[in-house]
Amino acid sequence: MVTEITLTGIPTTRALGSFLFLIFLLAYLVTVLGNGLIIILIFVDYRLQSPMYFFLSNLSFSEILTTTCAVPKMLAGFLSERNNLSFVECFTQSYFYFLSGCAEFILFAVMSYDRYVAICSPLQYPVIMTSSLCIRLVILSWVGGFFLILPSTILKAELPYCGPSVIDHFFCDSAPLLHLACADILVVELLDFISSLVLLISSLSLTLVSYVYIISTILKIPSGQSQRKAFATCASHFTVVSMGYGISIFVYVRPSQKSSLHFNKILFIFSSVITPLLNPFIFSLRNETMKDALKDTLAKGHNFLKQLRSK
């Protein structure tokens, strides 16, 4: 029986492995620092104390968790000939990776609903989007993700794994891990497919419906400047949603993924490295309030350091 999993990732030479290690390490550090900075700004700046930014802070936390679940082990693979982890570590990595991913898609729908209320019912926005509702929606996102992937995870853990013990991937992805089992996996594959379909289609439908109402409301605004301002508040969210749904539908909403595992590795780099890396830039560079908060925080930090040096 398998007790240890070997991740192959990309077979490389020592020189190429060191180069890839530096590139992905830099991307990982920028991702963690960028999303971490967004979380800090939202909690320390009074201008960002609103439901939209509260949801954004949770999205940033989800991005940090997603990339942290997968990238450090991928980095270790670039520097070592055998990138091994125990069976328990493999399942733990896989579970938390997909937990953060599920929570992220539910958060997409929640954020689109927040923008719908803000633009379509601005006078009722403070009454509807109360702090207690926002907290409940965030809890729903994480609890919903927890229970959505729990059944298939339990079924996978109960399967017999008798070898081989090599996964041709950067992390313990669901499909390659499942194909190490020496048993009929049709039921588990079908459950994975249904879970992915329910999550992506339901959250995407809610997001699209919200944006249909948002766009129709914006187009009715007589002032062109007001239209641009309203579109600007949704542009960042819509960009991130498009990238997230596009990649995940390609990878996970298929009954069997065995035939395209190499293609999935490329999409994995986009979903676990590039998208979390771009999110802080998308939300900060396209948001004037966020940019002002960042400038003021940096200025306060600079003044604080000057006062320490003067003492």
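Note that the coordinates shown come from a computational prediction; the quantities given were computed from them, not determined experimentally.

Conventions we followed
Residues numbered from 1 in each chain as written. Predicted model: local features only at pLDDT ≥ 70, side-chain atom pairs only at ≥ 80, totals over all residues. Heavy atoms only, no water. Helix = DSSP H or I, 4+ residues; strand = E, 2+ residues; numbered from the N terminus. Polar contact = N/O pair within 3.5 Å; in protein donor to acceptor, adjacent residues only side chain to side chain. Contact = heavy atoms within 4.5 Å. Pairing = 2+ DSSP bridges. Axes fitted to C-alpha atoms, helices over the stretch in contact; angles between N-to-C directions. Phe/Tyr/Trp six-rings, centres within 6.5 Å; stacked < 30°, edge-to-face > 60°. Buried < 20%, exposed > 50% of the residue type's maximum accessible area, 1.4 Å probe, protein only. pLDDT = per-residue confidence, 0-100. Patch = residues over 30% accessible without salt bridge, like charges linked within 9 Å, V, L, I, M, F, W, Y side chains within 5 Å. Areas by Shrake-Rupley, 256 points an atom, 1.4 Å probe, with all protein chains shown as cover. Salt bridge = Lys/Arg side-chain N within 4 Å of Asp/Glu carboxyl O.

1. Re the side chain of Ser174
In this fold, Ser174 is placed in helix H6 (residues 174-178). A distance of 2.8 Å separates polar atoms of two side chains, one belonging to Ser174 and the other to Asp192. The contacts of Ser174, once residues within four sequence positions are left out, are Phe98, Lys156 and Asp192.

2. Side note on the sheet that holds strand E3 (residues 166-167)
Strand order in the open sheet formed by 3 strands is E2-E1-E3, with mixed pairing between adjacent strands. Either end of the sheet is taken by a strand with one partner, and the two such strands are strand E2 (83-86) and E3. Strand direction decides the pairing type here: strand E1 (residues 4-7) and E2, joined by 4 bridges, are antiparallel. By the bridge assignment for E2, Ile5 is matched with Leu85. Sheet contacts for helix H3 (residues 87-120): E1, E2 and E3; angle to E2, the most-contacted strand, approximately 90°.

3. Focus: the packing of aromatic side chains
Applying the stated criterion across every chain yields a total of 15 aromatic pairs. Geometrically, the ring pair formed by Tyr97 and Phe171 is tilted, given 4.4 Å between the ring centres and 50° between the ring planes. One end of the pair, Tyr97, is in helix H3; the other, Phe171, is in the loop between E3 and H6, and 74 residues separate them in sequence. The exposure class of Tyr97 is buried, given its relative accessible area of 6%. For Phe171, a relative accessible area of 0% corresponds to the buried category. Members of the aromatic cluster, each reached through a chain of ring pairs, are Tyr95, Phe96, Phe146 and Phe147.

4. Some details on the environment of Val209
In this fold, Val209 is placed in helix H7 (residues 186-219). Residue Val209 is classed as partly exposed on the basis of its relative accessible area, which comes to 46%. A C-alpha to C-alpha distance of 31 Å links Val209 and Ser94, two positions 115 residues apart in sequence.

5. Things to note about the confidence of the model for the chain
With 92% of its residues at a pLDDT of at least 70, the chain reaches an overall mean of 82. No element of the chain has a lower mean pLDDT than helix H8 (residues 224-252), at 72, and none a higher one than helix H4 (residues 125-128), at 91.

6. Some points on a nonpolar patch on the surface
A cluster of nonpolar side chains, contributed by Ile135, Ile139, Val143, Phe146 and Phe147, occupies part of the molecular surface with about 450 Å² of accessible area. Among the structural elements, Phe147 can be located in helix H5 (residues 131-158).

7. Observations concerning the pattern of salt bridges
Within the structure shown, the criterion is met by 4 salt bridges. Note that Asp45 is salt-bridged to Arg47, the shortest N-O span being 3.0 Å. Note that Asp296 and Arg47 form a salt bridge whose closest N and O atoms lie 2.5 Å from each other. On the criterion of sequence distance, the pair formed by Asp296 in helix H10 (residues 288-310) and Arg47 in the loop between helix H1 (14-44) and helix H2 (51-79) is long-range, its members being 249 residues apart.

8. Structural notes on the environment of Val166
Looking at the element boundaries, Val166 is found in strand E3. It is 6.0 Å that separates the C-alpha atoms of Val166 and Leu7, two residues lying 159 residues apart in sequence. With residues up to four places along the chain from it excluded, the contact list for Val166 reads Thr6, Thr8 and Leu180.

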